[in-house]
Structures are given as C-alpha cells and as structure tokens.
Amino acid sequence: MKKQILKVGFDLDGVLLYNPARIIRPIMSFIKRYILKRDLDKFYYPKNKIEKLIWWFLHKSSLWPSPGIKELIMLVKKKKINAYVVSARYELLEKDFTRWINVIDPDKVFSGCFYNNRNDQPQLFKKKMIKKLNLDIFVEDNWDIVNHLKKKTKVLWIYNILDRNIMYEYKFPSLMTVMVYLKQLTINN
Ligand SMILES: [Mg+2]
C-alpha cells in the first residue's frame with residue numbers, strides 16, 4: 001500500500017511568522033496608561049529615546065519567522081508531511097506575502113502557498129482552501145477562526161497568553177511544540 005503523506009496547512013501571521021508585539025501589546029497599553037499617563041486614543045509622538053524605541057517596536061517591528069520553521073522544513077524534506085501555507089491576508093499584501101514565503105521556504109519545498117486574493121472573509125477563505133486542498137490538519141492562531149474550521153478538519157491551535165485559559169483538545173503554546181506533535185504523529189510513516 002502506498003503510504004499517505006499527511007497534508008498540513010499553516011496560517012502565516014502568528015503561526016509561521018511570530019509577532020513579539022502581539023505578546024507585549026497588553027503590557028504596553030498598561031505602561032502607556034499608568035506610567036506614561038497618556039491617553040490611549042490620542043495621537044502620541046514619542047519624545048525620548050526609550051519611548052522612540054518602544055514606539056518602533058510596537059508599530060514598525062515586523063514579524064519574523066517563528067522558531068520551529070527549520071523543523072517544519074525538515075519534516076517536509078523527509079516526506080513526512082506535505083505543507084501548505086494558507087493565509088487570509090488580502091490582495092494588497094501580495095508583495096509582502098511573497099517576500100515572506102521566500103524567507104520561510106527558500107528551497108521551495110512547500111506544496112503550495114495561498115493568500116486571500118479575492119478578499120473573501122478570512123474564515124470562509126480558509127474553509128474553502130481546506131476543502132479544496134483536502135487538508136488533514138490546519139494550524140491556526142486565531143481562536144475565532146479555529147472555531148469556524150474545527151468542523152472541517154483537525155485544527156491545531158497556537159494560543160497566546162490572553163486566551164490561554166480556553167479549553168481545547170489540540171492547544172499548543174508555539175509552532176515548535178506543534179512540530180514536536182507532528183513529528184510524533186508521523187513517526188511510523
Ligand atoms: Mg494568524
């Protein structure tokens with residue numbers, strides 16, 4: 001019997017790309033409100049060096065590849081899984097999307113990379129792609145989207161500190177731990 005390679009789809013932002021600002025944002029709004037005593041909604045220009053640095057970090061820091069990408073590429077190269085990127089990013093982010101795909105997958109080992117080029121609702125786009133690509137597993141960080149997709153396929157959820165108390169069977173703190181799980185799952189293949 002020909003072995004079935006597991007088809008795994010990955011979201012981009014918050015899954016393959018890591019955004020540190022996402023974690024520190026609640027801390028920053030606390031600092032702004034209680035320490036800098038700023039009105040959160042007012043336009044605010046950073047004055048000193050530290051404020052400037054924080055400002056840059058919050059607004060200009062782009063994401064970087066999540067730890068675990070190397071393990072993911074290895075698993076694909078060993079033919080344990082077929083990997084797809086399915087991002088709900090809209091059409092206007094195409095250039096940035098392509099740039100990140102080249103960073104993450106320089107050897108072009110992914111089976112396909114898709115973004116939301118017709119600007120559909122994110123959850124509908126992902127639902128459609130899961131069906132079209134016949135994905136066995138999808139890895140997602142947005143809890144609302146996990147809820148939409150979990151009837152369609154097995155969804156591994158990467159949670160953040162704010163919703164860590166939500167109970168869910170396939171809940172992971174990071175891409176790295178997802179990769180440990182996938183490695184275990186495919187160990188006999
Ligand atoms: Mg995401």
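Here the residue numbering is sequential within each chain, running from 1 through the sequence in written order. Since the coordinates come from a predicted model, pLDDT governs what is reported: local features require at least 70, and pairs of side-chain atoms require 80 or more to be given and counted, while whole-chain, interface and lining totals use all residues. Working from all heavy atoms in the structure, the side-chain values ignore hydrogens and water.

Enquirer: Quick rundown of the overall build of the protein chain? Include the residues and the values.
Expert: Secondary structure elements follow DSSP: runs of H or I of four or more residues count as helices, runs of E of two or more count as strands, with numbering from the N terminus. Helix and strand counts for the protein chain stand at seven helices and eight strands. For each residue, the accessible area found with a 1.4 Å probe, counting protein chains only, is set against the maximum for its type, and the residue is called buried under 20%, exposed over 50%, and partly exposed in between. Per-residue burial over the protein chain gives 40% buried out of 189 residues. Restricting to contacts in the protein chain with at least 6 residues of sequence separation, those with at least 24 account for 64%. Here the accessible surface of atoms and residues is derived via Shrake-Rupley with a 1.4 Å probe, and residues count as covered only by protein chains that are part of the display. In the form shown here, the protein chain has an accessible surface area of approximately 11,700 Å², with 57% of it arising from carbon and sulfur atoms. Here a residue-residue contact requires only that any non-hydrogen atoms of the pair lie within 4.5 Å.

Enquirer: Now, about the nonpolar core: what can you tell me, with residues and values included?
Expert: Residues grouped as a nonpolar core are buried Ala, Val, Leu, Ile, Met, Phe, Trp, Tyr and Cys residues, joined through side-chain atoms within 4.5 Å. Among the nonpolar cores identified, the biggest contains 30 residues, and Phe10, Leu16, Leu72, Val139 and Leu182 are the most heavily contacted of them. Listing elements by their share of this core, those giving two or more residues are β1 (6–10), α3 (69–77), β4 (81–90), α4 (94–104), β6 (137–140), β7 (154–158) and α7 (175–185). Per-element accounting of this core gives the leading share, five residues, to α3. Apart from the residues within four sequence positions on either side, Leu182 is in contact with Val8, Phe10, Leu75, Ile137 and Leu156. By size, the runner-up hydrophobic cluster in this structure holds 15 residues, among which are Tyr84, Ile130, Leu133 and Trp143.

Enquirer: I'd like a description of the coordination of the magnesium ion, backed by residues and values.
Expert: Donor atoms are limited to N, O and S found within 2.8 Å of the metal ion, a distance that becomes 3.2 Å for Na, K and Ca. With water left out, some sites might look partial. Every protein donor of the magnesium ion is listed here as Asp11 (OD), Asp13 (O) and Asp141 (OD), and their distances to the metal cover 2.1 to 2.2 Å. Of note, the donors binding the magnesium ion are all from one chain and are spaced D-x1-D-x127-D. You can see Asp11 sitting in the loop between β1 and β2 (17–18) and its partner Asp141 sitting in the loop between β6 and α6 (143–149), a full 130 residues away along the chain. We note that Asp11, like Asp141, is buried.

Enquirer: Outline the layout of surface pockets, listing residues and values.
Expert: One number sums up the size of the second largest pocket: a volume of about 170 Å³. We place a 1 Å grid over just the protein atoms. Points where a 1.4 Å probe fits but has no way out form a cavity, open points with protein on both sides within 12 Å along at least 5 of 7 lines form a pocket, and any residue with an atom within 4 Å of a point lines it. Every residue along the wall of the second largest pocket is listed here: Asp11, Asp13, Ser87, Ala88, Arg89, Pro122, Lys126, Glu140, Asp141, Asn142 and Ile145. Listing elements by their share of the lining of the second largest pocket, those giving two or more residues are β4 and α5 (122–133). It is β4 that provides the largest number of residues to the lining of the second largest pocket, a total of three residues. Residues were grouped as follows: Ala, Val, Leu, Ile, Met, Phe, Trp, Tyr, Cys and Pro as nonpolar; Asp, Glu, Lys and Arg as charged; and all remaining residues, including Gly, as polar. Among the residues forming the lining of the second largest pocket, the class breakdown is three nonpolar, two polar and six charged. Grid points are joined across faces, edges and corners, and a volume is the space filled by probe spheres set on the points.

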